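Structural features, examined
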Amino acid sequence: MSERPERWTQASVYPDMWADPGDDPRDSEGTAPDGELATLKEYLRNYRLTLRMKCEGLDAAQLARRSVPPSTMSLLGLVRHLAEVERGWRAWISDGEPEPRLYGARDADFDGAVPDPAVVEAAWRDLEREQAATDAALARHPDLGTRLGARGIAVRELLVHRVEEYARHCGHADLLRECVDGRVGQ
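What comes next is a walk through the structure. (Residues numbered from 1 in each chain as written. Predicted model: local features only at pLDDT ≥ 70, side-chain atom pairs only at ≥ 80, totals over all residues. Heavy atoms only, no water.)

A few points about the nonpolar core
- Judged by nonpolar contacts, the single largest core of 40 residues is most densely connected at Leu 51, Leu 76 and Leu 127.
- Elements supplying a minimum of two residues to this core: helix H1 (36-55), helix H2 (60-64), helix H3 (75-93), helix H4 (108-111), helix H5 (117-139) and helix H6 (155-181).
- Apart from residues no more than four positions distant in its own chain, Leu 127 is found in contact with Leu 51, Val 79, Leu 82, Ala 83 and Tyr 166. (Core = buried A, V, L, I, M, F, W, Y, C linked by side-chain atoms within 4.5 Å. Buried < 20%, exposed > 50% of the residue type's maximum accessible area, 1.4 Å probe, protein only. Helix = DSSP H or I, 4+ residues; strand = E, 2+ residues; numbered from the N terminus. Contact = heavy atoms within 4.5 Å.)

Section: the packing of aromatic side chains
- Tallied over the full model, the rule gives zero aromatic pairs.
- Between the NZ or CZ atom of Arg 80 and the centre of the ring of Tyr 103, over which it lies, the distance is 3.9 Å.
- For Arg 183, the ring lying beneath its charged end belongs to Trp 18, and the centroid distance is 3.8 Å. (Phe/Tyr/Trp six-rings, centres within 6.5 Å; stacked < 30°, edge-to-face > 60°. Lys NZ or Arg CZ within 6 Å of the ring centre and 35° of its normal.)

Side note on H6
- For H6, which comprises 27 residues, the first-to-last C-alpha distance of 39 Å matches the rise-based estimate of 39 Å (1.5 Å per residue) to within 8%.
- Gly 182, located one to two residues past H6, shows a positive phi value of around 90°. (Expected span 1.5 Å × (residues − 1).)

A look at the environment of Gln 10
- Looking at where Gln 10 falls in the secondary structure, it is placed in the segment before H1.
- Look at Gln 10 and you get partly exposed, because its relative accessible area is 49%.
- Placed 17 residues apart in sequence, Gln 10 and Asp 27 show a C-alpha to C-alpha distance of 17 Å.
- Not counting residues up to four positions away in its chain, the partners in contact with Gln 10 are Trp 18 and Arg 183.
- Looking at Gln 10, its side chain comes within polar contact range of the side chain of Arg 183, at 3.3 Å. (Polar contact = N/O pair within 3.5 Å; in protein donor to acceptor, adjacent residues only side chain to side chain.)

A few points about the pattern of salt bridges
- For the structure on display, the rule yields 20 salt bridges.
- Glu 99 serves as the salt-bridge partner of Arg 87, at 3.7 Å between the closest nitrogen and oxygen. Separated by twelve residues along the polypeptide, Arg 87 in helix H3 and Glu 99 in the loop between H3 and H4 bring together distant segments of the chain.
- By relative accessible area, Glu 99 is classed as partly exposed at 40%. (Salt bridge = Lys/Arg side-chain N within 4 Å of Asp/Glu carboxyl O.)

Structural notes on the packing of H1 against H5
- The N-to-C vectors of H1 and H5 enclose an angle of 180°; their axes lie 13 Å apart at closest approach. The orientation of H1 relative to H5 falls into the category roughly antiparallel. Within the contact between the two elements, H1 uses Leu 44, Arg 48, Leu 51, Arg 52 and Cys 55 and H5 uses Trp 124, Leu 127, Glu 128, Gln 131 and Asp 135.
- Taken together, the residues that form the contact of H1 with H5 break down as five nonpolar, one polar and four charged. (Axes fitted to C-alpha atoms, helices over the stretch in contact; angles between N-to-C directions. Parallel < 35°, antiparallel > 145°, perpendicular 65-115°, else oblique. Nonpolar A, V, L, I, M, F, W, Y, C, P; charged D, E, K, R; others polar.)

What about H3?
- With 19 residues, H3 should reach 27 Å at 1.5 Å per residue; the first-to-last C-alpha distance of 28 Å fits that figure.
- Taken across its 19 residues, H3 has 16 buried, putting it largely inside the fold.

Considering unusual backbone geometry
- That bond from Pro 69 to Pro 70 is cis: its omega, 5°, falls within 30 degrees of zero.
- Tracing the chain through its elements places Pro 70 in the loop between H2 and H3.
- Positive phi, close to 70°, is recorded for Asp 107, a residue that is not glycine.
- Structurally, Asp 107 can be placed in the loop between H3 and H4.
- Since its relative accessible area comes to 39%, Asp 107 is described here as partly exposed.

Re the side chain of Asp 181
- On the secondary structure map, Asp 181 appears in helix H6.
- In this structure the side chain of Asp 181 is engaged in a polar contact, spanning 3.0 Å, whose partner is the side chain of Arg 177.
- Of note is the side chain of Asp 181, whose polar atom sits 3.1 Å from the backbone nitrogen of Arg 183.
- Among all residues touching Asp 181, those that are not within four sequence positions of it are Pro 5, Glu 6, Trp 8 and Leu 58.

The values reported here are purely geometric and, on their own, carry no functional implication.
Below you can see the structure in the form of structure tokens.
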């Protein structure tokens, strides 16, 4: 017998949503972005916000809970993983040596996601710093067709890959959060 939390949503206007439209920072009611670069940045921004929303209101133990065994994934692990990935993407567009991994060995981002408030705070700081650094590195190349780094990756390809990575992990976050406390919504 498993202890499944009762499913619930905070939204009252549309019961399949995470939050009511007026409370949703992703605000999809406004004017759509103009152009390819603005569109990619807006999608990335919204997935980043979605990840934050999926983690809000949880304590360190809930964020670190590996709620879908045998997976080692947790919401905190996802935050740490995305910080690590943001750092790794800069190596793709740089001609220099890659920066050392944030958390050490492979899978340490998930394995080190322990229920400690200091670890949670550090993970959010790491993610914000790494996102800002990657954003800044890419901002120097506004032409989406510019090819960078030893692999010659196009700025467009990296931006699309970033959107894809966050979107995939937001899907994981949906399931992890529902298993933690039952909260649902897109």
